[in-house]
Amino acid sequence: KYEKIWLTFGIGCLIVFLTVVGVSAFAAGQQPPSCLTTIDPEKVDTTPPFDQPGLVKKGDNEYELNIVVAAFSFTPNAIEIPKGAKVTINVTSKDVIHGFQIPGTNVNMMVEPGYVNSLTTTFDEPGEYTILCNEYCGAGHHMMTARIKVV
Ligand code: CUA
């Protein structure tokens, strides 16, 4: 009869785990980044929208933020975003795989050469945010940061 207890315990744990994952996925708005487009990593600088990286207004309070990532920088590396803006971030890498994380938000994705990764987030809280590379990419990895100012 001990087996029965352990079996119940095991199934209970599984249910708790799945509930936590489900709740964080839907309630907290954590979405997996989507990968839509392929891009030639050698032609990033001449391929729209990355030929003119930065924030682009797309509609009422809606923006697109296009960022070129390369060892060891984000371009642009200082971005100002109006408070409450819904921003779709598009990133691509010119060289190796990098990371793109903004602590304090749901933004955390990979930056892959040859692909455009996208993720939409809303900046409701004013303040300074830091973009970090969280994928080891070489000697300058720890210096790879950029700033977002929400005003
Ligand atoms: Cu780029 Cu680590």
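Notes on the structure in this doc start here.

Rules used in this analysis
- Counting restarts for each chain, with residues numbered from 1 along the sequence as it is written.
- Given that this is a predicted model, residues contribute local features only at a pLDDT of at least 70 and side-chain atom pairs are listed and counted only at 80 or more, while totals for whole chains, interfaces and linings are drawn from all residues.
- In computing side-chain properties, one takes all heavy atoms of the structure into account and sets aside hydrogens as well as water.
- By definition, any uninterrupted DSSP run of H or I lasting at least four residues is a helix, any uninterrupted run of E lasting at least two residues is a strand, and each is numbered from the N terminus.
- Note on method: radius of gyration uses C-alpha positions; expected globular size equals 2.2 Å times residues raised to 0.38.
- A simple rule labels every residue: compare its accessible area, found with a 1.4 Å probe on the protein chains alone, to the largest value its type can have, and call it buried under 20%, exposed over 50%, or partly exposed in between.
- Note on areas: Shrake-Rupley with a 1.4 Å probe; residue coverage comes only from the protein chains shown.
- The pairing criterion is simple: DSSP has to find at least two bridges between the two strands.
- Whenever a carboxyl oxygen of Asp or Glu lies within 4 Å of a side-chain nitrogen of Lys or Arg, that contact is scored as a salt bridge.

### A few points about the overall build of the chain
Then comes step 1: Within the chain one finds one helix and eleven strands.
Then comes step 2: In sequence order, the chain lays out its α and β elements as α-β-β-β-β-β-β-β-β-β-β-β.
Then comes step 3: Computed over C-alpha atoms, the radius of gyration of the chain comes to 19 Å, more than 25% over the 15 Å expected from 2.2 N^0.38 for 151 residues, which places it beyond the range of a compact globule.
Then comes step 4: Seen along its three principal axes, the alpha-carbon backbone of the chain occupies a region of about 70 × 35 × 30 Å.
Then comes step 5: A burial count over the chain gives 30% of its 151 residues as buried.
Then comes step 6: With an accessible surface of roughly 9100 Å², the chain has 59% of that area assigned to carbon and sulfur atoms.

### Topic: unusual backbone geometry
Then comes step 1: Geometrically, the link from Ala71 to Phe72 is a cis peptide bond, its omega value of 0° lying close to zero.
Then comes step 2: Mapped onto the secondary structure, Phe72 falls in the loop between β3 (62–70) and β4 (73–75).
Then comes step 3: Looking along the chain, the bond that leaves Thr75 and enters Pro76 is cis, with omega of -5°.
Then comes step 4: With respect to the helices and strands, Pro76 occurs in the loop between β4 and β5 (78–81).
Then comes step 5: Backbone geometry at Asn61 places phi at a positive 65°, although glycine is not the residue there.
Then comes step 6: Considering the arrangement of structural elements, one finds Asn61 in the loop between β2 (54–59) and β3.

### A closer look at the pairing of β2
Then comes step 1: Where β2 meets β3, five bridges bridge the pair, whose relative direction is antiparallel. Residue pairing in the sheet places Gly54 in a bridge with Asn66 of β3.
Then comes step 2: What sits between β2 and β3 in their antiparallel hairpin is a turn of two residues, with Asn61 showing a positive phi close to 65°.

### Quick word on the pattern of salt bridges
Then comes step 1: Under the counting rule described, the total for this entry stands at three salt bridges.
Then comes step 2: One salt bridge connects Glu128 with Arg147, and the closest N-O pair in it is separated by 3.0 Å. Pair noted here: Glu128 is in strand β10 (residues 127–132) and Arg147 is in strand β11 (residues 145–150), with a separation of 19 residues, a long-range link.

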